[in-house]
Amino acid sequence: MTSFNRSTSRRLKKLTQIPSVWEGDRRPLSSPNQHSDEEKGECILWVDYSQGVVRGMDVVASDIGPEAIVRTLMQAMEHPHSPARPARPQRIVVKDREIQFYLRGVLQDLDIAIDYAPELPLIDELFRGFADILDSQTPDLPPQYAQILREKAFAIWQAAPWEFLEEQQILSIEINKWDVGTLYASVMGMLGMEYGILFYRSEESLKQFRAAVLTDQESTEHLEEAFLKQDCLFLTFESSDETDEDEESDLADLPLSEIDPTFGNIHPLEGLRSVLYDEEALVILVAIESLIRFIRDHRRQLHEDIFPPLSRRYRISLPQPEESTKSLPVTVSTMPQLAAQLEEMAGFDVDDEESENLDSPNFQSLQDDLIPEDSFLSLGVVSWEMLESLRKGVSYHPAGEIKQVGDGLPVILIQTSRPKAKTVIERIEAIGGLRAICFNPGADPFDGDRYDLGLLQTQNGELFLFGEFLDEDPIHVEARKKWNQRCKNTKGYCGLIIAKGLTGASRGNPQLRDMMALFEARSLSPKDLGIGTLQLMPQLKFE
């Protein structure tokens, strides 16, 4: 048994011993009327029964040993809660035999009597008060729906809709129950910052919030005001480890056991509330379940660069049927037109004058003779610091004023031999420079393979193929995801770097001295380009 150091015993014995009886106990910090699997720990209390005051209190994990009750007792003696003064009791009473025998061994040199009593009147009264307070608190989720809501939340987490749906790609969920008509679901997480889903109660609320954020992105006060004016239910995900504040870590990299879902409501007159009431819990439960099914049924189509028009009707079973209602018909649909409006609000689209020049009638054919076949190709990013060095040290062709948002400028890197790199640069410069970089769908009708084609568009409207990537290549899928995120940060600006050193020590990792040219450009979507899916023809060229 652990005992005090002799110096500690001498120090405690110097405290004035008062003719008081202290009660001590540790009990679970919860109400017997609460049914929750969440561990809330235990509360340790030391009270002076003679004076009716709490001298010491602490909350500890349930698996902490009996040493904790001694530590709290020492605080009660040496640093008691006001108005009590430091002192040593004459007698201690506990209602746990194990605690009694433990304290007798530890405190044997302090001349304190340790007794047992089946009841501790003052502590019993205090814990009854704690239980009443806990009983009066509204739980975050209605107990009858808590487990199933968490299960559905984890199902959404594993479905990871943010891997292919952007925030402006809205899904409508028509419920028509509990005074809710249609919810408008906006998926957060493609940027790897905040993960979750906002279920707006009206299209108007969604648009107003987007407009407010775009109007004043710098003012924290105005952003907070706009946030609280939303009218929506929400599901968000956080790390269950509250001490983990590493801003560089991505929540998506954590195991499922370390993910904690949070539900809540935002309303202009209520503000933010991380509590759901019965009807709200049913609404969000039905919305999540229908969303899970829609993602399962249309995952491949939703991965396409163009947000497709889709709609599906489901019948969702209710956990606790109200009267004769055992299930509810729900319709989930994509909203491409609304997505286009939101993109236009955010300025994702190119200027109207540029869009006119990208119409498909100007498209003649796709050339594949600009980039040498043996080139090393990669999708990446250059930091803002390195970008400044590049602009000063290589042949530089700007595209406009780029705001430094995110980790840097997204770039396509082409590394080849010095003579071939020089030829590529001269050819791009001869036709006016680079205008845009685009990834466009391609298909091989002979073997059924689908491709993501990397295209360069020069200022004269010509298109050049720089890469062919299988849609199912996980490395490319991940690289494209990061490319899209970074282009979103830069409002569509990106770049092409031409480098030498293909056969040297820097192959696959060119240094600043190997880079020969930087062409800044705009990133275009297949919709902007307007040429549709390109087919692989017998001549083995995409046309």
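Basis of the calculations
- Residues numbered from 1 in each chain as written.
- Predicted model: local features only at pLDDT ≥ 70, side-chain atom pairs only at ≥ 80, totals over all residues.
- Heavy atoms only, no water.
- Helix = DSSP H or I, 4+ residues; strand = E, 2+ residues; numbered from the N terminus.
- Buried < 20%, exposed > 50% of the residue type's maximum accessible area, 1.4 Å probe, protein only.
- Contact = heavy atoms within 4.5 Å.
- Phe/Tyr/Trp six-rings, centres within 6.5 Å; stacked < 30°, edge-to-face > 60°.
- Pairing = 2+ DSSP bridges.
- Axes fitted to C-alpha atoms, helices over the stretch in contact; angles between N-to-C directions.

Engineer: Quick one: what's the story with the environment of Ile175, residue by residue and with numbers?
Structural biologist: Note that Ile175 resides in strand S6 (residues 171-177). Taking the relative accessible area as the measure of exposure, Ile175 reaches 1% and is therefore buried. The spacing of Ile175 and Val332 is 157 residues in sequence and 9.1 Å in space, taken between C-alpha atoms. What Ile175 contacts, discounting residues up to four positions off in sequence, is Val180, Gly181, Leu183, Val283, Val286, Ala287, Leu328, Pro329 and Val330.

Engineer: Describe the packing of aromatic side chains, listing the residues and the values that go with them.
Structural biologist: Counted according to the given criterion, the structure contains 8 aromatic pairs. Relative to Tyr195, the ring of Trp162 lies with its centre 5.2 Å away and its plane at 70°, an arrangement referred to as edge-to-face. Taken together, the positions of Trp162 in the loop between helix H5 (143-159) and S6 and Tyr195 in strand S8 (residues 195-200) put the pair 33 residues apart, joining distant regions of the chain. On the accessibility criterion, Tyr195 (3% relative accessible area) is buried.

Engineer: Before we move on, could you go through the sheet that holds strand S3 (residues 53-60) and cite the residues and values that matter?
Structural biologist: Spatially, the 5 strands line up as an open sheet ordered S3-S2-S1-S4-S5, and their pairing is mixed. In this open sheet, the two strands that pair with only one neighbour each are S3 and strand S5 (113-116). The sheet shows a mean angle of 20° between the axes of neighbouring strands, direction not considered. In this sheet, strand S2 (residues 42-48) lies alongside strand S1 (residues 17-28) in antiparallel orientation, the contact comprising 7 bridges. The partner of Trp22 across the bridge, within S2, is Asp48. Across the sheet, helix H3 (residues 97-106) touches S1, S2, strand S4 (88-94) and S5, and the angle it forms with S5 is around 170°.

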